[in-house]
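Working through the structure, step by step
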Amino acid sequence: MNDPSTSRTPDVYLATMPATLVAKRCALATCIVLFGGFFALVPFARVPLPRIEAFIPIYDSTFALNNLLTAGGLAVGFRRSRLFAVLVLAGGYLFTSLIALPHMVTFPGLLSSTGLLGAGPQTSAWLDAFRHGAFPVFVIYYALLKRRGTASAQSQADVRARARLAAVGAIAGVTFLTLLATAGQQLLPQIVNDGNYTTTMVAVSVPVLLLSFIALAVLGSRRQHSALDLWMMVVLCAWAFDVTLSTVINTGRFDIGFYSGRLYGMFAASVVPIVLIVEAARLYGQLDEARAISEERNAELARSREELAQAQRLEAIGQLTGGVAHDFNNLLTVVIGNLDLISGARGDWEKIERLAQSAMKAAQRGEHLVRQLLTYARRQINHPQTVNLNQLITNIENLMHRVIGEQIEVVSMLSPVLAPVRIDQAQFETAILNLVINSRDAMAGGGRITIETQNVTVDRQQVAADPEVIPGPYVMVAVSDSGAGMTPAVLARAFDPFFTTKEVGKGSGLGLSQVYGFAKTAGGYVKIYSELGIGTTVKLYLPQSSDWPILLKTSVETASLQSASGRETILVVEDDEDVLAVTAESLRELGYQVVTAVNAAQALEILKGDQPIDLLFSDVIIPGGTNGAQLAVTARHVRPDLKVLLTSGYTAAALSLEHGLPDNLNVVGKPYQRDELAKKLRLAIAE
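Residues numbered from 1 in each chain as written. Predicted model: local features only at pLDDT ≥ 70, side-chain atom pairs only at ≥ 80, totals over all residues. Heavy atoms only, no water.

**Let's talk about the packing of aromatic side chains**
For the structure on display, the rule yields 21 aromatic pairs. A centroid spacing of 6.4 Å and a plane angle of 55° characterise the contact between Phe55 and Phe258, whose relative ring orientation is tilted. One end of the pair, Phe55, is in helix 3 (residues 55–81); the other, Phe258, is in helix 9 (residues 256–344), and 203 residues separate them in sequence. The burial state of Phe55 is the same as that of Phe258; both residues are buried. Consider the rings of Phe241 and Tyr264, whose centres lie 5.6 Å apart with planes at 75°: the pair is edge-to-face. In this pair, Phe241 sits in helix 8 (residues 227–248) while Tyr264 sits in helix 9, placing the two residues 23 residues apart along the sequence. Each member of the pair Phe241 and Tyr264 is classed as buried. Three or more aromatic residues joined by ring pairs make a cluster, and in this case those are Phe55, Tyr59, Phe63, Tyr93, Phe107, Phe135, Trp239, Phe254, Phe258 and Tyr259. Over the face of the ring belonging to Phe63 we find Arg131, whose NZ or CZ atom lies 4.8 Å from the ring centre. Over the ring of Phe84 we find Arg162; its NZ or CZ atom is 5.2 Å from the centre of that ring. (Phe/Tyr/Trp six-rings, centres within 6.5 Å; stacked < 30°, edge-to-face > 60°. Helix = DSSP H or I, 4+ residues; strand = E, 2+ residues; numbered from the N terminus. Buried < 20%, exposed > 50% of the residue type's maximum accessible area, 1.4 Å probe, protein only. Lys NZ or Arg CZ within 6 Å of the ring centre and 35° of its normal.)

**Some thoughts on the confidence of the model for the chain**
Mean pLDDT over the chain works out to 79, with 81% of the residues at or above the 70 mark. Every residue in residues 1–11 is under pLDDT 50, and counting partners more than four places away or in other chains gives 22 contacts. Below a pLDDT of 50 lies the segment residues 651–660, which in the model reaches 20 contacts outside its immediate sequence neighbourhood of four places, other chains included. (pLDDT = per-residue confidence, 0-100. Contact = heavy atoms within 4.5 Å.)

**Let's talk about the sheet that holds strand 8 (residues 525–531)**
With respect to topology, five strands assemble into an open sheet ordered 4-6-7-9-8, the strand pairing being mixed. A strand with exactly one partner marks an edge of an open sheet, and here the two such strands are strand 4 (408–413) and strand 8. Averaged over all adjacent pairs, the angle separating strand axes in this sheet is 20°, with direction ignored. Pairing analysis gives seven bridges linking strand 8 to strand 9 (residues 535–543), with the strands arranged antiparallel. Each residue of the ladder has a partner; that of Ile528, found in strand 9, is Val538. The strands that helix 12 (residues 397–404) touches are strand 4 and strand 6 (447–458); relative to strand 4, the one it contacts most, it runs at about 155°. (Pairing = 2+ DSSP bridges. Axes fitted to C-alpha atoms, helices over the stretch in contact; angles between N-to-C directions.)

**A look at the sheet that holds strand 13 (residues 643–648)**
Read from one edge of the open sheet, five strands run 11-10-12-13-14, paired in parallel fashion. The open sheet has two edge strands, strand 11 (593–597) and strand 14 (667–669), and neither has a second partner. Averaged over all adjacent pairs, the angle separating strand axes in this sheet is 25°, with direction ignored. Along the sheet, helix 18 (residues 600–607) makes contact with strand 10 (569–573) and strand 11, crossing strand 11 at roughly 135°. Strands strand 10, strand 12 (615–619) and strand 13 of the sheet are contacted by helix 19 (residues 628–638), whose axis makes an angle of about 160° with strand 12.

**Some thoughts on the packing of helix 5 (residues 123–148) against helix 7 (residues 199–220)**
It is the contact of helix 5 with helix 7, at a shortest axis distance of 9 Å, that shows an interaxial angle of 20°. Looking at the two axes, helix 5 sits roughly parallel to helix 7. Viewed along their axes, helix 5 and helix 7 form a crossing whose handedness is left-handed. Tallied by class, the residues present in the contact of helix 5 with helix 7 amount to 18 nonpolar, three polar and one charged. (Parallel < 35°, antiparallel > 145°, perpendicular 65-115°, else oblique. Left-handed = near helix turned anticlockwise from the far one by under 90°. Nonpolar A, V, L, I, M, F, W, Y, C, P; charged D, E, K, R; others polar.)

**Observations regarding helix 8**
In this model helix 8 runs 31 Å from its N-terminal to its C-terminal C-alpha over 22 residues, within 8% of the 32 Å that 1.5 Å per residue would give. Burial within helix 8 is extensive, with 22 of its 22 residues counted as buried. (Expected span 1.5 Å × (residues − 1).)

**Points about empty space enclosed by the protein**
Empty space among the atoms becomes visible once a probe the size of a water molecule is rolled across them. On inspection of all chains with the given rule, the structure shows three cavities of 30 Å³ or more. Space inside the largest cavity adds up to approximately 60 Å³. Forming the walls of the largest cavity are Ala125, Asp128, Ala129, His132, Met201, Ser205, Val208, Val243 and Thr247. Elements with a contribution of two residues or more to the lining of the largest cavity: helix 5, helix 7 and helix 8. Looking at which element gives the most residues to the lining of the largest cavity, the answer is helix 5, with four residues. (1 Å grid on protein atoms, 1.4 Å probe; cavity = no way out; pocket = protein on both sides within 12 Å on 5 of 7 lines; lining within 4 Å. Points joined across faces, edges and corners; volume = space filled by probe spheres on them.)

**A look at the side chain of Ser205**
Take Ser205: it is sitting in helix 7. If near-sequence neighbours (up to four positions away) are discounted, Ser205 is found in contact with Val243, Thr247 and Val248.

**Details of the pattern of salt bridges**
With the rule as written, the count across this model stands at nine salt bridges. As a salt-bridge pair, Arg162 and Asp158 come within 3.3 Å of each other at their nearest N and O atoms. Here Arg162 and its partner Asp158 are both found in helix 6 (residues 156–182), four residues apart, which amounts to about one turn of the helix. For Asp158, a relative accessible area of 22% puts it in the partly exposed group. Its salt-bridge partner being Asp441, residue Arg440 comes within 3.0 Å of it at the nearest N-O pair. Residues joined in a network through salt bridges with shared partners are Asp60, Asp128, Arg131 and Arg262. (Salt bridge = Lys/Arg side-chain N within 4 Å of Asp/Glu carboxyl O.)

**A look at a nonpolar patch on the surface**
A cluster of nonpolar side chains, Val202, Val206, Leu210, Phe213 and Ile214, forms an exposed patch at the surface whose accessible area comes to about 400 Å². According to the relative accessible area criterion, Phe213 is partly exposed, its value standing at 43%. (Patch = residues over 30% accessible without salt bridge, like charges linked within 9 Å, V, L, I, M, F, W, Y side chains within 5 Å. Areas by Shrake-Rupley, 256 points an atom, 1.4 Å probe, with all protein chains shown as cover.)

**A closer look at a negative patch on the surface**
A grouping of Asp575, Asp576, Glu577 and Asp578 is seen on the molecular surface, where their side chains present a negatively charged patch. If you trace the backbone, Asp578 turns up in helix 17 (residues 577–589). The exposure class of Asp578 is exposed, given its relative accessible area of 63%. (Lys, Arg positive; Asp, Glu negative; His and termini not counted. Charge placed at Lys NZ, Arg CZ, Asp CG, Glu CD.)

**Let's talk about the pairing of strand 13**
Buried residues dominate strand 13, accounting for five of its six residues. Where strand 12 meets strand 13, five bridges bridge the pair, whose relative direction is parallel. Bridge assignment links Asp619 to a residue of strand 13, and that residue is Thr647. Chirality of the crossover, the property in question, places the unit of strand 12, helix 19 and strand 13 among those that are right-handed. (Right-handed = clockwise from strand over helix to strand, strands pointing away.)

**Details of the nonpolar core**
Tyr93 and Met232 are the most contacted members of the largest nonpolar core, which has 84 residues in total. Within the residue set of this core, elements represented by two or more residues are helix 2 (21–41), helix 3, helix 4 (84–105), helix 5, helix 6, helix 7, helix 8 and helix 9. Element by element, the count of residues in this core is highest for helix 8, at 16 residues. Apart from residues lying up to four places away in sequence, Met232 is in contact with Leu89, Tyr93, Phe135, Val139, Leu219 and Val272. (Core = buried A, V, L, I, M, F, W, Y, C linked by side-chain atoms within 4.5 Å.)

**Observations concerning unusual backbone geometry**
Comment: phi is negative for the bulk of residues other than glycine, and the bulk of peptide bonds are trans. The backbone of Phe254 sits at a positive phi, close to 70°, despite the residue not being glycine. Its place among the elements puts Phe254 in the loop between helix 8 and helix 9. By relative accessible area, which is 9% here, Phe254 ends up buried.

**Quick word on the packing of helix 7 against helix 8**
At a minimum axis separation of 9 Å, helix 7 and helix 8 run at an interaxial angle of 165°. Taken together, the axes of helix 7 and helix 8 lie roughly antiparallel to each other. Helix 8 is crossed by helix 7, and the crossing has left-handed handedness. Packed against helix 7, whose contacting residues are Met201, Val202, Ser205, Val208, Leu209, Ser212, Phe213, Ala215, Leu216, Leu219 and Gly220, the element helix 8 presents Asp229, Met232, Met233, Leu236, Cys237, Trp239, Ala240, Val243, Thr244, Thr247 and Val248 at the interface.

This is the structure:
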């Protein structure tokens, strides 16, 4: 049968922790030693010894300090166990500690002939009797409360209030008894006569001794003893031997019984502090073990998290690969099928034109898909310019209306004092169109799309959950709809590539991925806020720029950039033979003379020769240990006036990170069409 008190609190403190077999054996051995010493001293209890003046102050001060420490330790135990019984015992130790001080100052002959505080010859003796009699009463109360399982209130405020009440009670008790033994000493019978005890002392001491035995009996009658119960029984044994030796069987002060009794009392005051120290050492040992176990478990948890993260990365890669493979299989089916039909349509130029346009349309869809993937991965060709977003949004309003249809209203709320930003114009327009299309699809029955721009300042508190976001001034672009909203599960995966809730064939799942990649590439971030039945708001945060925005103007016409003279010679460096062949053919059709090389070494040999070369057109990633940018630097040492145009499927920023190249490269992105290539070549040659 379990003790009621221990069922309410964890077994982490002496008052609730069951006594171990080792502790019981130690307590029994201690009691046997105390009992043996007591019987050895009984025959000599009345033998007089010299008066040692320093004994009383040393004894009382040490006794008071030990009991005060015990009271503090038990008060801490009360806060942990919330047992009112522990607080009662702490009050008993505090009372016993405090009453030792008036006993010391009122002891006759120590500080004055009769003692201080208006004491008489009986004062210190009565205070000693009060001390010996009151402590067992506190222990009895403690044992009865433990038996009933009385627990304290749970709130910290109630714990502090009860602790203060116990301290005030102990101080009040000591004050009252001190006044009774000093100012009211004439009300008390004489128990000391010229340093010797009277028969009245025996009459007073026997009930005090009986209180110790009663407390021992009540405490020992419990069915299950805690560690504190066990050692309190040892304390009561020593306490009873103290009373017996110092006031019952001896003749008075300063005999063997007097001195030895005080030593038993000192031992009684020292038992619980020693146990508390041992217990603290044990708890510290357990704490060290717990910390070691915790560190080991944390390491295991970190390994598990890393394994989980690796599994999630592999799953994401598998999902991405599967999505890319599925979409490209469809596109390649169209391209290969049309090319196969073209090869069999001999002389039917109308059919060949139609099939070629179908193949080109599929190839352009593949190009768009790759660009979306590269934007999500932040590896797309990036042409940042300082622009005003209000102007960009206004420029594509007509396009947005054509995309979403007339059944949906578009409302623009553009800030008139919008700060400029440095972004890629085309990628921003694509991101806005993707958001508008998503909003349209979320409002099957029509609705409203709101586009808002605003200057905002993001502080550290707002981005505390995302360490990658840099606090500072941003331009916020919000696209809101009144659609169905997203579930939490959909919202958590909204930026995942190829994740879509649309029907098969109606969405690639790359729209929001492109928006995410664009925002990251621009140095900003994106947030989604959505509620079912209310709608969705996507907010783009783009860093403000201190530069002046450019005036957007129409690009130079392709025709004006065509090669008119046919005299320029271009050195093409490309390790892929098929790409090299089609590039060379396209350049010849544009009117250029073409020289080819498959690596940097071959290109440098050509440049060191006498053949005229007007422009170097090189892939950035080429074999041989020298990339296109390094080749360009070396080539310009050979021919200082040489023009350079590079090509790659990666962004300039990505090339800078992975290959140490400058991020202001003149790069044309793969794949490129002939008209785009013509523009880039003429601009490069005209520099």
